[in-house]
Amino acid sequence: MKTTEDEVAGSSSDEEQTNSPESKQPPDGKAGSTFGSFSSFLSNAIGHDVRCCSSFDGFVHRCMYRPVDGAALGVARVLFGLAMLIDIPEERGGGDLDLRWGEPRDCRFPLIHSMVPPTLPKMGIIYGLMWLGAAGIMVGYRYRVSVAIFTGTYWYVFLLDKSAWNNHSYLYGLLGTIFLFIDAHRCWSIDAWKNPPVDQTVPFWNYFILKFQFFVLYFVAGLKKLSREWLSGYAMTNLSYHWVFFPFRALLGPKLTDLLIVHWFGCIFDTTVVFFLVYGPTRKLATLFASAFHLMNSRLFHIGMFPWVCLSQLPLYYSFSWPRRLFRYGNSTPLSPGCEHTEQDIKKHRKHHHRRKWKMLAMLTYCALQLFLPYSHFLTKGYNNWTNGLYGYSWDMMVHAWDTIMIGIRVVDRHDPERIHYVEPFAFVDNDRWTKHADMAVQFARCIERNIQQENPRIRTPTAVANPNVSIYFDIWCSMNGRFQQRIFDPNVDILQAPWSPFEPVGWVLPLLHQFSGLRDTLIVRQTDEVLSWSNHSDVLFIADFPGLTLRNYVNEDLYNVSLTVLKGTVRYEASLDEDVAKSSEILQPGQSASLPAGTFHSIETIGQQPSCYMYTYVNRTKELEAIRNGAEVKSTPAMLPLGDELFHRWENFVRFLQHVGNSLLYEVYGVPMPRRLKELVADG
């Protein structure tokens, strides 16, 4: 008996409910009416009969292994492969292979600390294999081999550098792993064209596992936004000034747009969108909102193919055979109604029952793991700091906004403590992700120590890491979600000697000063508005510090009218105009101020038992003179839709990527030297 398109899409028809053995014996009376109503609602809502969940056998055979058309799954495979072909030269760094992996002194942050990246030519070959794997996924050629190559190389590159992790880079690896186990090549593939399958159906669990992964993406991200930090509007400030929010800004104003549209609606969207997509009556409206949401994100943030990957998976919530209707190609594979077909399938394939059950147990274990990992931070305490866990698998997307004003790296010779050197913060790294994570700080310190050994052979020792001849101290000042700037690591701890374990709390990570968080709504906003009203070039900086610690700072000569005002606690302020002149010392209480001369060093020590907070106010003379010299300031307005520039940039990345892969092959096969750009020249250009 041929089914309707709704049945192929997973909806239970009245005929199916009538013909199935279970439906012929419904419960009597009111209970039967309630059961029937609930069963009908469930069928209309998610396309499954309630009997599918009555037992594990029913779940496995009636639900998860129910054969459905693989057409929509094939399209999802094609679009995912295409997105990865574009992503590899871009966000994976394929277009800048020489810059990202070519400098041996650069510091890496692998998840497994003993991992060492191969040489640049070998990395080029790995990237080339990854790209070929993605191409094989897209066209469906030698599908299993292609997915295995892509997924293996992708996870390898992913694990090599935690500083490049994002939620969506983690998502791509998960999707690649899922595609490895599902039959997404039954339709729209070279494999199916060369060796046509008996039918183009796939078990329903192939769709379920993909949709579940996106459910975790949205829903857990929404749960992470159910916090005071997000709902109070601290995470994404001033985003309303982007052109995509103009209609909302015109109606609500910038502050309410940031709070209600960016934060509140973002939270509601993430926690509910999948439920509205699954429920038939709201599916089209949810698709409209989801499409608008992801298209806006593609304009708001530099997140590569992430919005497009999410958009490409939205059709999974519609009919399994929608591509056939859209392209007028082929007919839906004739299927018997769900439960009746499954009963016949049970009798015919009794020997496969145990194998199916084990597969479903593995799938359910994977699903449970995806729900557990975002909340597993009570186990991996070594990765916790002001936030929990590493960025990526936690799905805390955009919840934390960081602002780092100072990165001090002090290297002290242990044999001669008077010899102190300062390392430029970006000498060996491309970003400052390491400043927020203790494990990456340890890796960075060891990398600096290794580079020092290579440049200064006299300090090498057989056990350099265990007994280094230098000490390295980090003095890093960060602000999270608009708080006071404060230290994240204890500046008096030698990071090379600091203990760190994945399963133990890190004692040298200083706690977030939550007692000052409430001042964001009152004191910081009020003082900032007052200082900014002085002129177009005045500014303010808020600092918080711990008892017994001292901030040593330098007032640049292009600043004037610089003052220090204590807001909470007690500090000792010391300044010196010349190194030969004795320093002047002054105790400042809350509300007291001191004027700071330009071109001098000063120190601020927090004394007493309580943390202190204070603010710098200043005017930038250089910017002021430039404004006077150039007349009225002209702000360049970026193009609203620079599609041409984006396409050109992607084409350039792709061409460079092909060149890098080709040069890598020439080097490995024929020994032809591989050209490499220098970061300084690229930055100057």
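Cut-off values and rules
Residues numbered from 1 in each chain as written. Predicted model: local features only at pLDDT ≥ 70, side-chain atom pairs only at ≥ 80, totals over all residues. Heavy atoms only, no water. Salt bridge = Lys/Arg side-chain N within 4 Å of Asp/Glu carboxyl O. Helix = DSSP H or I, 4+ residues; strand = E, 2+ residues; numbered from the N terminus. Buried < 20%, exposed > 50% of the residue type's maximum accessible area, 1.4 Å probe, protein only. Contact = heavy atoms within 4.5 Å. Axes fitted to C-alpha atoms, helices over the stretch in contact; angles between N-to-C directions. Parallel < 35°, antiparallel > 145°, perpendicular 65-115°, else oblique. Left-handed = near helix turned anticlockwise from the far one by under 90°. Nonpolar A, V, L, I, M, F, W, Y, C, P; charged D, E, K, R; others polar. Core = buried A, V, L, I, M, F, W, Y, C linked by side-chain atoms within 4.5 Å. Disulfide = S-S within 2.5 Å.

### Section: the pattern of salt bridges
Inference 1: Throughout the structure, instances matching the rule amount to 25 salt bridges.
Inference 2: Between E103 and R676 there is a salt bridge whose closest N-O contact spans 3.9 Å. Residue E103 is found in the loop between α6 (97-101) and α7 (120-139), and its partner R676 is found in the loop between α23 (643-670) and α24 (679-684); the two are separated by 573 residues along the sequence.
Inference 3: Owing to a relative accessible area of 22%, E103 belongs among the partly exposed residues under this scheme.
Inference 4: Given a relative accessible area of 35%, R676 falls into the partly exposed group.
Inference 5: Of the charged contacts in the structure, one is a salt bridge between E605 and R572, with a shortest N-O distance of 2.8 Å. Note that E605 is positioned in strand β13 (residues 601-607) and R572 in strand β10 (residues 570-576), a separation of 33 residues in sequence.
Inference 6: A residue is classified by how much of its surface remains accessible, and E605, at 25% relative accessible area, is partly exposed.
Inference 7: Accessibility expressed as a relative area gives 27% for R572, which makes it partly exposed.
Inference 8: Residues participating in the shared-partner salt-bridge network are D96, D98, R656 and R677.

### Examining the environment of L390
Inference 1: Checked against the element boundaries, L390 lands in the loop between α19 (353-372) and β3 (402-413).
Inference 2: In the structure, L390 is positioned 228 residues away from K162 in sequence and 8.1 Å away in space, judged by C-alpha atoms.
Inference 3: Sequence-distant contacts of L390, defined by excluding residues within four places in its chain, comprise L111, K162, W165, Y383, H437 and D439.

### Remarks on the packing of helix α5 (residues 71-87) against helix α9 (residues 167-181)
Inference 1: Between α5 and α9, the least distance of the axes is 12 Å, while the angle of their chain directions is 140°. One way to sum up the angle between α5 and α9 is to call them oblique. For the crossing formed where α5 meets α9, the hand is left-handed. Where α5 abuts α9, its residues A76, R77, F80, M84 and D87 lie against Y172, L175, G176 and F179.
Inference 2: Residue composition of the contact of α5 with α9, grouped by class: six nonpolar, one polar and two charged.

### Side note on the nonpolar core
Inference 1: Counting residues in hydrophobic clusters, the biggest one holds 101 residues, and the most contacted among them are F150, I182, Y207 and F214.
Inference 2: The greatest single-element share of this core, amounting to twelve residues, is contributed by helix α11 (residues 205-224).
Inference 3: If near-sequence neighbours (up to four positions away) are discounted, Y207 is found in contact with V68, D69, G70, A71, A72, L73, V202, L316 and F320.
Inference 4: Among the nonpolar cores identified, the runner-up in size contains 35 residues, and F109, A438, V470 and V493 belong to it.

### Brief notes about the state of the cysteines
Inference 1: Across all of its chains, the model carries one disulfide by this definition.
Inference 2: Disulfide pairing is shown between C107 and C447; the S-S distance is 2.0 Å. On the S-S bond that ties C107 to C447, the torsion sits near -90°, and the link is left-handed. Pair noted here: C107 is in the loop between α6 and α7 and C447 is in helix α20 (residues 438-455), with a separation of 340 residues, a long-range link. No difference in accessibility class separates C107 from C447, as the two residues are buried.

Keep in mind these numbers describe shape, not what the thing actually does.
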